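In case you want the letters, here they are:
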Amino acid sequence: MKNPLRKRILRNMKSEIGKYLAIFLFMVIFIGFISGFIVADVSLKESNKKGFEKYNIENGNFTFADKLDKSTLKEIEKENKIKAYELFYKDLKIEEKKERELRIYKKRHQINRECLMQGKFPKKRNEIAIDRMFAKLNNYEVGDKIKLKGKKYKISALVAFSDYSTLFKSNSDMMFDANKFGVAITTANAYNEIKEREINKYAFKYNKKIDNKVKDNQSEEKKISDKMVKRLFYKGKLEDFTPRYLNNAIKFAGDDFESDGVMIDTLFYILIAIIAFIFAVTADNTVVKEANVIGTLRASGYKKSEIIRHYICSPMVITLISAIVGNILGYTYLFKVCADLYYNSYSLPTFTPIFSMDAFIKTTILPLILMYVVNYVILRRRLTLLPIDFIRRNLTKNKKKKSIRLHNFSFMTKFEIRVFLQNFPNYVLLFIGIFLANVLLFFGLALVPLLDNFEKITIDNMVCEYQVYLTSPQKTMTKGAEKFYQKTLSNLPNSEFRQEDISIMGVPKKSKYFKIKPQKGEVIISSSIAEKYNLSKNDVITLKEKYNKKKYKFKVSRVFEYPANETIVLNEATFCKKFNVKKENFTGYLTNKKIRDIDEKNILTIITKSDLTKMTRQLKTSMGGMYKAVNVFAIVTFMLIIFLLTKLTIEKNSNSISMLKILGYTPKEERKLYLMTTRIVVFFSVLLSLPITYYSFSIIYKSMMKKMFSGWMPLEIPLEVYLEVILLGMLSYFVVEQFIYKKIKKIPMDLALKNIE
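A quick note: this is a predicted structure, and the numbers were derived from the prediction, not measured. (Residues numbered from 1 in each chain as written. Predicted model: local features only at pLDDT ≥ 70, side-chain atom pairs only at ≥ 80, totals over all residues. Heavy atoms only, no water.)

The next point concerns the pattern of salt bridges. This structure, assessed with the given rule, holds 19 salt bridges. Of the charged contacts, one joins Asp41 and Lys45 as a salt bridge, the two residues approaching to 3.5 Å between their closest N and O atoms. Of this pair, Asp41 and Lys45 both sit in helix α2 (residues 17-54), four residues apart, which is roughly one turn of that helix. Taking the relative accessible area as the measure of exposure, Asp41 reaches 4% and is therefore buried. Of the residues examined, Lys45 reaches a relative accessible area of 26% and is grouped as partly exposed. One salt bridge in this structure joins Glu500 and Lys532, with 2.9 Å as the shortest N-O distance. Of the two residues, Glu500 is situated in the loop between β15 (482-490) and β16 (501-507) and Lys532 in helix α14 (residues 527-532); the sequence distance between them amounts to 32 residues. You can call Glu500 buried: its relative accessible area is 2%. Classification of Lys532 as buried rests on a relative accessible area of 1%. Three or more residues joined by partner-sharing salt bridges are found here, namely Lys107, Arg108, Glu114 and Asp163. (Salt bridge = Lys/Arg side-chain N within 4 Å of Asp/Glu carboxyl O. Helix = DSSP H or I, 4+ residues; strand = E, 2+ residues; numbered from the N terminus. Buried < 20%, exposed > 50% of the residue type's maximum accessible area, 1.4 Å probe, protein only.)

Below, the structure written as structure tokens:
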């Protein structure tokens, strides 16, 4: 004989369509987004991993001031058991867009090969292939013309460079800038015709595969590269050495895939926590609402297991359908959306989506298990009551608490306080839900103001218009130009901080540009170092040479406001003594006027306002879409949580609302009595959760900055962000309130009479 309770499943789902539709939408968005992101992340990681062999990506590179002769190169190859390849390049400004720069290589056939995305590789002297990311951000397409050094080139192809998946111009840059720096290839003949300073860079591959497993806090790659750089010092003037594991242009994107995986896992567990308590509240509410039915069924001889199966069925069906729909969306559409977030940031080759068991477990198996366990535990606990208790709706084992006496209040105020006290557990859950949604919303809303603020204080604290770095000391007659000394050291990386460069500058005691006037022996650190490493006066920071183990200790004398770079400023005499530098061997000039009497070939680089603010430009470009998606997701989550929990509050009080109708209260009065209380709770929940939200956000933000980024961006969130969170929260509530008000109006007057105890 068929179980007659089966007929009630669809009937219950239809009568509770609002609740189940809200859960369905929340689950579909959650499952679709998480599965789409995991699939995109896993697929891109696999593509990135295979790319090392497919495109024969280098194990590292080194740059000398002068081109090495063949015999010296062979010695280097023999001593270090490597195969070296010439990877010379020239940096050129785009004439029609002066601030844009392209790094030109010859077409690479043996190492660091390119992935053709669109068009054909250059074959003629007037053809050039440029990086896809740079082309997209600067509105270049195949067939367009681009002018370099007075010559027009036709863009024959858009490509992805395997050794420039992230467009770092220099490995020491705080952030890449795909808007203003790109990479290109042309034919060997066209390259040789370009009259520009050539950088003598050599890429290398090890003759045998090395083990990258970490032993004694060092990988084999690090040990080999540390020995290699010492040998290279004796082969000529070594300007740069970058092993693959430290090469941001190659590793940054892959590391980002890993860190984003951790971020998504964190988001996943936050959302699982939200889902768990939503499931718990809805399951408990079902028992309360169906108390008379459950009591009757128990009195009629139905077993506890049969009743549990019956009431678990509806939420399990909804969760299963949500998982199917969410995964279909994730694998067909949302994975492309998530992948595009990466393609808008990095110059990546093509990839093929792959099935992820991790995504299937997290987005399908785990929610089903969670739904079953939560509902089973709550139903099992509730069914320990006697059938008569269900029929009488006496669903608590505790003795009735004594009512709180409320004197000197109007009837309406007393009623609203009673509503609040009766629904206090639901309101606690509402506060938790709002807090979790606010953390997500904070991430989305705070990014652009943070970047704008960083850009502003960077510009406000610029020491000069131009920092000119020379290949060798040169004299200039430029008025106001001031010599400076500079050396780049590295921090000591650990589990909290990633490896990064820190600039040491030596400036005159009476510097025109550094207003801090460094005295002899003083160590003055920038605010960015002080905040990131939590340093203050008399603290000691230890740094090391980039390519050997020599360490330097600096005892902090003062901190000066300079957020743009992590810089330590010394008096020029102190600098020369500490680093054994002759006074005439200065690094470059600080100036507010362009230097025109030094040949461009002798200028290594010029740092301007544009260079100092490129981090903000790039993050706005690459992260803008992601944070808009986070905003939308947070607002939808916020609305669904409020809808579900407010709806449950109204359903819990449906008898009381029905009685108010019998007593002649109008819908507006009923709304005031019940929804006004919830409105106040939502407002104060949004308001009171902000300090906790900021504290949680600051912990995540600071940890993220230390582990994922070189440099530092101060956490200064303007008042407007807090006001936006409050405004969006309340607007979301008012939208939800309209649906809840319709629910109140539909509660019949006879409901109270049917449920008289």
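Moving on, we come to the side chain of Asn438. Checked against the element boundaries, Asn438 lands in helix α13 (residues 424-460). With relative accessibility at 0%, the residue Asn438 sits in the buried group. Sequence-distant contacts of Asn438, defined by excluding residues within four places in its chain, comprise Phe638, Val686, Ser689, Thr693 and Val725. (Contact = heavy atoms within 4.5 Å.)

Think of an α-helix as 3.6 residues a turn; residues three or four steps apart then line up on the same face. When we look at burial in helix α8 (residues 291-299), the residues that qualify are Ala291, Ile294, Gly295, Leu297 and Arg298. Taken down its axis, α8 places every buried residue within 165° of arc, on the same side. Note on α8: the residue one or two positions beyond its end, Gly301, has a positive phi of about 105°. (Arc of directions from axis to C-beta.)

Turning next to the confidence of the model for the protein chain. Overall, the prediction assigns the protein chain a mean pLDDT of 83, with 93% of residues at 70 or greater. Highest mean pLDDT in the protein chain belongs to strand β6 (residues 127-131) (93); lowest belongs to strand β11 (residues 214-215) (47). (pLDDT = per-residue confidence, 0-100.)

Quick look at the sheet that holds strand β2 (residues 82-86) now. The four strands lie next to each other as β2-β10-β1-β13, forming an open sheet whose pairing is antiparallel. Sheet topology places β2 and β13 (238-243) at the edges, where each strand pairs with a single neighbour. Direction aside, the axes of adjacent strands within the sheet are offset by 20° on average. Bridge count for strand β1 (residues 60-64) against β13 is five bridges, and the pairing is antiparallel. Residue Asn61 lies in a different strand from β13, and its bridge partner there is Thr242. (Pairing = 2+ DSSP bridges. Axes fitted to C-alpha atoms, helices over the stretch in contact; angles between N-to-C directions.)

Attention now goes to the state of the cysteines. This model, assessed by the stated rule, comprises zero disulfides. For the unlinked cysteine Cys576, the closest cysteine sulfur is that of Cys464, found at 19 Å. Given the relative accessible area of 13%, Cys576 is considered buried. (Disulfide = S-S within 2.5 Å.)

To continue, consider the nonpolar core. In terms of nonpolar packing, the biggest core is built from 108 residues, with Ile34, Phe697 and Ile717 touching the most fellow members. Sorting elements by how many residues they give to this core places α13 first, with 18 residues. Look past the residues within four positions of Ile717 in its chain and what remains in contact with it is Phe442, Ala446, Leu450, Tyr694, Phe697 and Tyr722. (Core = buried A, V, L, I, M, F, W, Y, C linked by side-chain atoms within 4.5 Å.)

Take the packing of α2 against helix α9 (residues 304-343) next. Across the interface, α2 lies against α9 with an axial gap of 5 Å and an inter-helix angle of 40°. With respect to α9, the element α2 is oriented oblique. You can see that α2 and α9 cross each other, and the crossing is right-handed. (Parallel < 35°, antiparallel > 145°, perpendicular 65-115°, else oblique. Left-handed = near helix turned anticlockwise from the far one by under 90°.)

A few words on the packing of α9 against helix α10 (residues 357-382). α10 packs onto α9 with a crossing angle of 160° between their chain directions and a minimal axis gap of 9 Å. As summarised for this structure, α9 and α10 are arranged roughly antiparallel, according to the angle between their axes. Handedness of the α9/α10 crossing: right-handed. Of the residues in α10, those touching α9 at Lys304, Ile308, Tyr311, Ile312, Pro315, Met316, Thr319, Leu320, Ala323, Asn327 and Tyr331 are Ala359, Thr363, Thr364, Pro367, Leu368, Met371, Tyr372, Asn375, Tyr376, Leu379 and Arg380. Classifying every residue of the contact of α9 with α10 gives 15 nonpolar, five polar and two charged. (Nonpolar A, V, L, I, M, F, W, Y, C, P; charged D, E, K, R; others polar.)

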